[in-house]
Amino acid sequence: MMTDPSPVSAPQAPSAPDLLAVSGLRVEIPTRHARLVAVDDVSFTIRAGEVLGVVGESGAGKTIMGAAIMGLLEPPGRIAAGSIHFDDRRIDTLPYEAMRRIRGRDISMVFQDPLTSLNPLYTVGRQLTETIRTHTDLSESAARDRAVGLLQEVGIPAADRRIDHYPHQFSGGMRQRVVIALALCVNPRLVIADEPTTALDVSIQAQIIAVLKRLCRDHGAAVMLITHDMGVIAETADRVAVMYAGRIAEIGPVRDVIKRPRHPYTVGLMGSIPAIGHDTDQLTQIDGSMPRLTEIPTGCAFHPRCPYIRDRCRRDRPELLPVGASQAACWRHVPGFDEGPAHA
Ligand code: SF4
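Thresholds applied
- Residues numbered from 1 in each chain as written.
- Predicted model: local features only at pLDDT ≥ 70, side-chain atom pairs only at ≥ 80, totals over all residues.
- Heavy atoms only, no water.
- Phe/Tyr/Trp six-rings, centres within 6.5 Å; stacked < 30°, edge-to-face > 60°.
- Helix = DSSP H or I, 4+ residues; strand = E, 2+ residues; numbered from the N terminus.
- Buried < 20%, exposed > 50% of the residue type's maximum accessible area, 1.4 Å probe, protein only.
- Lys NZ or Arg CZ within 6 Å of the ring centre and 35° of its normal.
- Pairing = 2+ DSSP bridges.
- Contact = heavy atoms within 4.5 Å.
- Axes fitted to C-alpha atoms, helices over the stretch in contact; angles between N-to-C directions.
- Near = heavy atom within 4 Å.
- Nonpolar A, V, L, I, M, F, W, Y, C, P; charged D, E, K, R; others polar.
- Domains from an automatic or database assignment.
- Buried area = accessible area lost by both parts, 1.4 Å probe.
- Salt bridge = Lys/Arg side-chain N within 4 Å of Asp/Glu carboxyl O.
- Polar contact = N/O pair within 3.5 Å; in protein donor to acceptor, adjacent residues only side chain to side chain.

(A) Structural view of the packing of aromatic side chains. Overall, the coordinates contain 3 aromatic pairs when judged by the stated rule. Judged by centre distance (5.1 Å) and plane angle (90°), the ring pair of Tyr244 and Phe302 falls under edge-to-face. With Tyr244 in strand S9 (residues 239-244) and Phe302 in the loop between helix H11 (264-270) and helix H12 (311-315), this pair connects stretches of sequence that are 58 residues apart. Neither residue differs from the other here; Tyr244 and Phe302 are each classed as buried. Between Arg126 and the ring centre of Tyr122, over which it is positioned, the NZ or CZ distance is 3.8 Å. Looking at Arg312, its charged tip hangs above the ring of Trp331, at a distance of 3.6 Å from the centre.

Rendered as structure tokens:
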């Protein structure tokens, strides 16, 4: 008789403690007609100093999940179940002010549009020094020195002069460098970067990712990097969580996931980075599109797009199952699956 492996939590490395622990997170968006589920039973951890990539198509729930972690869910979205711990402290139930302090000091954000983070009316220097002074007891001139140093670190030429310029006086790529400096100026322990390079020219994207990664490493910050681009993940992350229809389809060390993706959706995503070879039967594209929140299929949400579908996939929702060094939410990894009936 076939026995399903038990779902397990995300793999742990003994080297560093968990900095962020998300457990059973469910985010709902109530509407007049239904309660939509944007994030459904998501669990993962990020260790101190680690880069976790979160990848998936638009509508997979990754940005809403990032907003939930930061306490920035837009109403009527709300956390309906689960918990979020930061440094062993539960943060999803904190009052707004307490969470705002954590956001300013311990968790920083880099958004797709730099102008979300920068005030166009103030020089970048004023914004950096004010942020530094809010969270440290540095004097005005010491904070300014630190701001100049950070701008140099992120690769702004003539930083001691440019610090007195306004955001609109920088190019898009340079503005995003300023935002990275702003995100790191209080030495946060976690940086959540949501599509930090999507709005930039392709030629600039790699530079910005390199700057983000180097600075976070130098400052000892962990990173949660949210992107639709598997190529960015491949170059940057230690581990990757692949999201589909609000759930984690696959999670594991990035090298393993790239070399041997275990979920058919990940296999399809890998088709977008042909330069990186892997030895599985590769889809070059995934037919169909991410389901709307109002139309998430029963069983495995990927089943309408999956070339390996069996009856069970339409009926039963797969939990994350251990496969090699990774975990995948796919019944294919249960013995006997391929012999199952293919039609309902
Ligand atoms: Fe495909 Fe079934 Fe696996 Fe879902 S559970 S990805 S439908 S094989």
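Structure shown, so let's carry the discussion forward.
(B) Representation of the sheet that holds strand S5 (residues 89-90). Taken in spatial order, the 4 strands line up as S2-S1-S4-S5 in an open sheet, and their pairing is antiparallel. Since the sheet does not close on itself, it has two edges, and those belong to strand S2 (35-47) and S5, each with one partner. Two strands pair when backbone bridges link them, and strand S1 (residues 18-30) and S2 are joined in this way by 9 bridges, in the antiparallel orientation. Residue pairing across strands places Glu28 opposite Val37, the latter belonging to S2. Along the sheet face, helix H1 (residues 62-70) touches S1, S2 and strand S4 (78-86) and points at about 115° away from the line of S1.

(C) View of the sheet that holds S9. What the 8 strands build is an open sheet, ordered S6-S7-S8-S3-S9-S10-S12-S11; its pairing is mixed. The open sheet terminates on both sides in strands that have one partner only, identified here as strand S6 (107-110) and strand S11 (321-323). With direction set aside, neighbouring strand axes in the sheet form an average angle of 20°. Looking at chain direction, strand S10 (residues 247-253) and strand S12 (residues 326-328) are connected through 2 bridges and run antiparallel. Paired with Glu250 across the strands is Ala328, a residue of S12. Contacts from helix H7 (residues 172-184) reach S6 and strand S7 (190-194), with the element oriented near 175° to S6.

(D) Up close: the site of the ligand. The immediate surroundings of the ligand are formed by His263, Pro264, Cys300, Phe302, His303, Cys306, Tyr308, Cys313, Cys330, Trp331, Arg332 and Phe337. Residues belonging to the shell around the ligand are distributed by class as follows: 9 nonpolar, 2 polar and 1 charged.

(E) Layout of the domain arrangement of the protein. Domain annotation of the protein identifies domain 1 (9-106 + 189-200 + 218-296) and domain 2 (116-187). Computed over C-alpha atoms only, the centres of domain 1 and domain 2 are separated by 28 Å. With 8 residues of domain 1 at the interface, the matching set in domain 2 holds 9 residues. Buried surface at the junction of domain 1 and domain 2, both sides included, amounts to about 740 Å², of which 57% is carbon and sulfur. The three residues of domain 1 that bury the most area against domain 2 are Arg105, Leu200 and His219, which together make up 56% of that side's buried surface. Counting every contact that joins domain 1 to domain 2 gives 0 salt bridges. Taken together, the links from domain 1 to domain 2 amount to 3 residue pairs in polar contact (both at pLDDT 80 or more). Considering only residue class, the side of domain 1 that touches domain 2 consists of 4 nonpolar, 2 polar and 2 charged.

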